[in-house]
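Report on the structure
Okay, here's what each chain looks like letter by letter:
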Amino acid sequence: MSQHILQNGDYTVGWICAITTELVAAQAFLDERHEGPNYMSPKDDNIYTLGRIGRHNVVIAVLPHGEYGIASATSVAKDMLHSFPNIRIGLMVGIGGGAPSKKHDVRLGDVVVSDPGNGNGGVFQYDFGKTIQDKSFQATGFLNKPPKVLLAAVSKLKAEYEADGHQFDHAINGILEKKRKLRNKYKRPDPSTDRLYQSGVVHPEDNEAICVKTCGDDKSTLVSRPERTEEEDNPAIHYGLIASANQLMKDALVRDKLAAEKNVLCFEMEAAGLMNNFPCLVIRGICDYSDSHKNKEWQGYAAMVAAAYAKELLCKIPPSRVETERKISEVVSG
């Protein structure tokens, strides 16, 4: 823990997590922890972790325990800007559900990064109620793009990974060597536990038993996928559209429809609450397949790999470049 207490105005990067598992992973990747903060706005209900990553001072906040969804994320982001008015770039980092397709071989432990394109800002908010009634997806509003400085850093990382691959597992293993208490929950699970069931195979409701027992390990129920070769990045990084709504996506048929119609790669429950109030890049580690077969086993590792990507991204951005960005509080107010 650094003894040097910085002022709130010294923090320029805001990092938001939804659950404690994601906060633990974010804290593990800090190069330095700071004391404080000394001051918090009376309008701010958040609790913060402060620290440094590379040459950036970072504020990390997590949604209140048991609260999920778009409104809760909006509230945390707004409160953060009350206490830390100098924040210029935002990150939403954590876990999400993958949408694997023939076009995108998304697997557990992979990373999905929100990437604007085809007239969208990288995050797509859909209204689940309308989905059920008329079977077509209604976008409920256009969402902003992430700041250009973050997109430029994404391009730089993309090029580096294409040429040399990444070192996420090396970085994560280094942390787990030092913090042995995290090993069980945050290490990479055995690849055999990454099972993608055929879309029509539904996990029995109210049955908490593990999938292998209830849904089987039969080749006829699983989607057959080749093992990744040594030449391929594993985990892989995918860039594209992230779908956000207040309900958890756990229907493989709806997942497949959205993946086909909108080219969605990942589902989660917070980002839509941030994009217009806290323009940010959304980074999600994949912990399940947005179907009825929930997989808690991969949550810790998925949170670690998302945090590893976020750290590498920040290390590509010079602090001087961040200073030229407008404060998020100014962008949002006008």
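Here, the structure is the one placed above.
Let me sum up the structure you'll find in this document. Model, not experiment: these values are computed from the prediction. (Residues numbered from 1 in each chain as written. Predicted model: local features only at pLDDT ≥ 70, side-chain atom pairs only at ≥ 80, totals over all residues. Heavy atoms only, no water.)

1. Digging into the overall build of the chain
Along the backbone of the chain there are 11 helices and 10 strands. By residue count, 54% of the 334 residues in the chain fall in the buried class. For the chain, long-range pairs separated by at least 24 residues make up 78% of all intrachain contacts whose partners lie at least 6 apart in sequence. Looking at the chain as shown, the accessible area adds up to about 15,700 Å², and 49% of this sits on carbon and sulfur atoms. (Helix = DSSP H or I, 4+ residues; strand = E, 2+ residues; numbered from the N terminus. Buried < 20%, exposed > 50% of the residue type's maximum accessible area, 1.4 Å probe, protein only. Contact = heavy atoms within 4.5 Å. Areas by Shrake-Rupley, 256 points an atom, 1.4 Å probe, with all protein chains shown as cover.)

2. Comments concerning the nonpolar core
Grouped together as the largest cluster of nonpolar side chains are 88 residues, with contacts concentrated most on Trp15, Leu91, Phe278 and Tyr309. With 12 residues, the single largest contributor to this core is helix H9 (residues 299-315). The contacts of Leu91, once residues within four sequence positions are left out, are Val13, Gly14, Trp15, Ile16, Leu150, Phe278, Cys280, Leu281, Ile283, Ala310, Leu313 and Leu314. Within the second largest apolar cluster, 12 residues are counted, among which are Ala99, Ala245, Val264 and Phe267. (Core = buried A, V, L, I, M, F, W, Y, C linked by side-chain atoms within 4.5 Å.)

3. Re the side chain of Glu22
Following the sequence through the fold, Glu22 ends up in helix H1 (residues 20-28). A relative accessible area of 3% places Glu22 in the buried class. Within polar-contact distance, the side chain of Glu22 engages the backbone nitrogen of Ile95 at 2.9 Å. (Polar contact = N/O pair within 3.5 Å; in protein donor to acceptor, adjacent residues only side chain to side chain.)

4. Structural notes on the pairing of strand E5 (residues 89-98)
Within E5, 10 of the 10 residues are buried, leaving the element largely enclosed by the surrounding structure. As defined by bridge partners, strand E1 (residues 13-17) adjoins E5 across 4 bridges and the pair is classed as parallel. The residue of E5 that forms the bridge with Val13 is Ile89. One ladder, built from 8 bridges, connects E5 with strand E10 (residues 280-288); its direction is parallel. From the neighbouring strand, Ile95 faces E10, where its bridge partner is Gly285. Two elements, E5 and strand E9 (residues 264-268), share 2 bridges in a ladder whose sense is antiparallel. Within E9, the residue paired with Gly97 across the bridge is Phe267. (Pairing = 2+ DSSP bridges.)

Everything listed here is a matter of coordinates, which is why it stays silent on function.
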